[in-house]
Amino acid sequence: MTEGLLVTAEAGWLGGSSLRRPVAVLVRDGHISWAGPPSEAPAGVERVRADGVLLPGLVDHHVHTGLIDIAALLRHGLTTVRDLGWIPAEILPRARASAAAGFDGPRILAAGPFLTAPGGYPTDRSWAPSGVAWELNSPEEAREAVNVLAAHRPETVKVAMNAEAGPVLDDPTLASVVTAAHELRLGVTAHTEGPGQAARAWYAGVDQLAHTPWSEELDDRLVARLASTTSIVSTVDIHGWGEDTPQRRRAVANLRRFHRCGGRILYGTDLGNGPLPEGINQREITALQQAGLSPPEILRSMSMQALTRGARADLVAVPTDPLVDPRRLVEAAPVLKAGAPPGEQKSTGREGQ
C-alpha cells in the first residue's frame, strides 16, 4: 500500500490564473509529493475529501504573536505567520515548536527583537515589554547582535527606522546590521517611518519593508529602485482600520506605483496593532485590490507557494473561487497543517521557555 494521504476537492490552485477542476493532492511526510487530477492519483492510499476550493495554507507576513490569541489564527485559515518583533527568549523557542503539526496555532517564522538606536522605537511604547528591542550604540554592537541572533536562525533580522518616534540607527550602524546579516545569509526587514527613511533602507541594502511607506509620497525613482531589490509587506489597514485617512491613501498610492514597477508585495496586517480582525483581514485584501493586484497576485501574496511538489503540506479550503473574489478568503478553514489535521496532539509550544 502506498503511504500517504490523498486530499481531493472540487477545485484547487496549482499556481497560475485559474483553478484545476477537480484536484487531488498527495501528502507524504508533511509535504506535497504529487498534485493533479484525481483520475491520475496513485492507487492504494487513504483518501479524504475537502469541501470547496483547496488552497495552500495562508500567510500573514507581519504579526506580533505576543499581543494576540495565536490559536485563533489557525482556526481562521492562517497556517503560517511571521512575527516581526517580540522578546527573543519567548518567541524564538515558540517558533521552533510551532513547526509541529500538533502545535495549537499556525507555524511561526520569527525575527526576534527589534534592533534600534538608543531610545529609539519601540522602547517608549506601552505595548513593548523589556527585551523586545535591542539598542545598538555602534557598528560593532550591531554585528555582535546579528551574530547572537543568527545562532537561533531567525526568519529575518528586524530593524526599526522610525524617525517620527525617536532616534534611528546611524548609517554606519545600519550598514553593519545589513552586512552582518547578509554574510550569514539572513535577510533584513525594516520598519521605515518618516521622511527619507525608505531611501536610507534601500541605500543600505535592506531586503524588505515591514510596512508600505505611508508618511511620505515616494518619488518615482526610489519606487523603481525599491521594486528591483526590496519586497514590501502591505499593512495598509492599520491606517484607519476601515476609515479613509490621508495615511491610507498615501500608502495605497505608493503600493500601486511599486506594483506597476514589478515589485514583490506580501500580504501582512501588523496584527496586534489596534482593532484588526483575527484571521484574514478583508480590508487588507481590498487595499491590495486598490493597489492594482489581480486575484492570482493577491493569492500569491498570501501563500508561501502553490499546491506543488515539495511544498509544505499546509492546506486550507474556501467555499468559492478566490480567483473571482479574493475577499472570500476570509472564509478559509484549515484542512492540514504539516500534513496532519490541525489540533492533533495539541501543544502550546511553551515548554522550556
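Residues numbered from 1 in each chain as written. Predicted model: local features only at pLDDT ≥ 70, side-chain atom pairs only at ≥ 80, totals over all residues. Heavy atoms only, no water.

(A) Region of interest: the overall build of the protein chain. The secondary structure content of the protein chain amounts to nine helices and 18 strands. Here the C-alpha atoms of the protein chain give a radius of gyration of 20 Å, agreeing with the 20 Å that 2.2 N^0.38 yields for 353 residues. Taking as baseline every contact in the protein chain between residues at least 6 positions apart, the subset at least 24 positions apart corresponds to 66%. When the accessible surface of the protein chain is summed, it comes to about 14,300 Å², and 48% of that surface belongs to carbon and sulfur atoms. Charge centroids of the protein chain, computed over 34 positive and 40 negative side chains, lie 5 Å from each other. (Helix = DSSP H or I, 4+ residues; strand = E, 2+ residues; numbered from the N terminus. Rg over C-alpha atoms; globule rule 2.2 N^0.38 Å. Contact = heavy atoms within 4.5 Å. Areas by Shrake-Rupley, 256 points an atom, 1.4 Å probe, with all protein chains shown as cover. Lys, Arg positive; Asp, Glu negative; His and termini not counted. Charge placed at Lys NZ, Arg CZ, Asp CG, Glu CD.)

(B) Region of the structure containing the layout of surface pockets. When its volume is computed, the largest pocket comes out at roughly 430 Å³. Taken together, 22 residues line the largest pocket, and the ones lying closest to its centre are Arg264, Ile265, Leu266, Arg300 and Ser301. Looking at the lining of the largest pocket, the elements that each hand over two or more residues are strand E13 (188-193), strand E16 (265-266) and helix H9 (295-301). When residues of the lining of the largest pocket are assigned to their parent elements, the largest contribution, three residues, is made by H9. (1 Å grid on protein atoms, 1.4 Å probe; cavity = no way out; pocket = protein on both sides within 12 Å on 5 of 7 lines; lining within 4 Å. Points joined across faces, edges and corners; volume = space filled by probe spheres on them.)

(C) The arrangement of helix H2 (residues 88-97) in detail. Among all positions in H2, only Pro88, Ile91, Leu92, Arg94 and Ala95 are buried. For H2, the angular spread of the buried residues around the axis is 165°, confining them to a single face. What points out from H2, more than 90 degrees from its buried face, is the exposed set Ala89 and Arg96. Buried-residue contacts for H2 involve helix H1 (70-75), strand E8 (78-83), strand E9 (107-110), strand E11 (133-135) and helix H3 (139-150). (Buried < 20%, exposed > 50% of the residue type's maximum accessible area, 1.4 Å probe, protein only. Arc of directions from axis to C-beta.)

(D) Highlighting the domain arrangement of the protein chain. Parsing the protein chain into structural domains produces domain 1 (5-54 + 307-336) and domain 2 (58-302). Its C-alpha centre places domain 1 at a distance of 29 Å from the equivalent point of domain 2. Contacts between the two partners involve 15 residues from domain 1 and, on the opposite side, 20 residues from domain 2. Summed over the shared surface of domain 1 and domain 2, the number is zero salt bridges. The interface formed by domain 1 and domain 2 contains two residue pairs in polar contact (both at pLDDT 80 or more). When the residues that make up the side of domain 1 that touches domain 2 are grouped by side-chain class, the tally is ten nonpolar, two polar and three charged. (Domains from an automatic or database assignment. Salt bridge = Lys/Arg side-chain N within 4 Å of Asp/Glu carboxyl O. Polar contact = N/O pair within 3.5 Å; in protein donor to acceptor, adjacent residues only side chain to side chain. Nonpolar A, V, L, I, M, F, W, Y, C, P; charged D, E, K, R; others polar.)

(E) Focus on the side chain of Thr116. Locating Thr116 in the fold gives a position in strand E10 (residues 114-116). Those residues in contact with Thr116, other than ones at most four positions away along the chain, are Tyr121, Thr123, Ala133, Trp134, Glu135, Leu136, Ala160 and Leu169.

(F) Expanded view of the packing of aromatic side chains. Enumeration over the complete set of coordinates arrives at three aromatic pairs. Taking the centre distance of 6.3 Å and the plane angle of 65° together, the rings of Tyr121 and Trp127 count as edge-to-face. By relative accessible area, Tyr121 is classed as buried at 12%. Put simply, the rings of Phe114, Tyr121 and Trp127 touch in pairs and so form one group of aromatic residues. (Phe/Tyr/Trp six-rings, centres within 6.5 Å; stacked < 30°, edge-to-face > 60°.)

(G) A look at unusual backbone geometry. Of the consecutive residues Arg21 and Pro22, the connecting peptide bond is found in the cis state with omega at -15°. Examined against the element boundaries, Pro22 turns out to sit in the loop between strand E2 (11-12) and strand E3 (23-28). Omega for the peptide link from Tyr121 to Pro122 comes to 5°, which places this bond in the cis form. By the element assignment, Pro122 lies in the loop between E10 and E11. Its identity is not glycine, yet Asp29 carries a phi of approximately 50°, on the positive side. The residue Arg153 is not glycine, and still its phi comes out positive at about 50°. Relative to the helices and strands, Arg153 resides in the loop between H3 and strand E12 (157-162).

(H) Structural view of the pattern of salt bridges. This structure, assessed with the given rule, holds eleven salt bridges. Among the salt bridges present, the one from Arg82 reaches Glu155, with a minimum N-O distance of 3.0 Å. One end of the pair, Arg82, is in strand E8; the other, Glu155, is in the loop between H3 and E12, and 73 residues separate them in sequence. For Arg82, a relative accessible area of 4% gives the class buried.

(I) Local environment of the environment of Ala317. Its location among the elements puts Ala317 in strand E17 (residues 315-318). Among the residues examined, Ala317 registers a relative accessible area of 10% and is labelled buried. Along the sequence, Ala317 and Gly120 sit 197 residues apart, while their C-alpha atoms lie 42 Å from each other. Not counting residues up to four positions away in its chain, the partners in contact with Ala317 are Asp51, Val53, Glu331, Ala332, Ala333 and Val335.

(J) Inspection of the UniProt feature "domain: Amidohydrolase-related" (unreviewed entry) in the protein chain at higher detail. The sites that UniProt annotates as "domain: Amidohydrolase-related" (unreviewed entry) are residues 54-306. Span residues 54-306 is 36% helix and 17% strand, its end C-alpha atoms 10 Å apart. (UniProt positions renumbered as here; feature names shortened; annotations may be inferred.)

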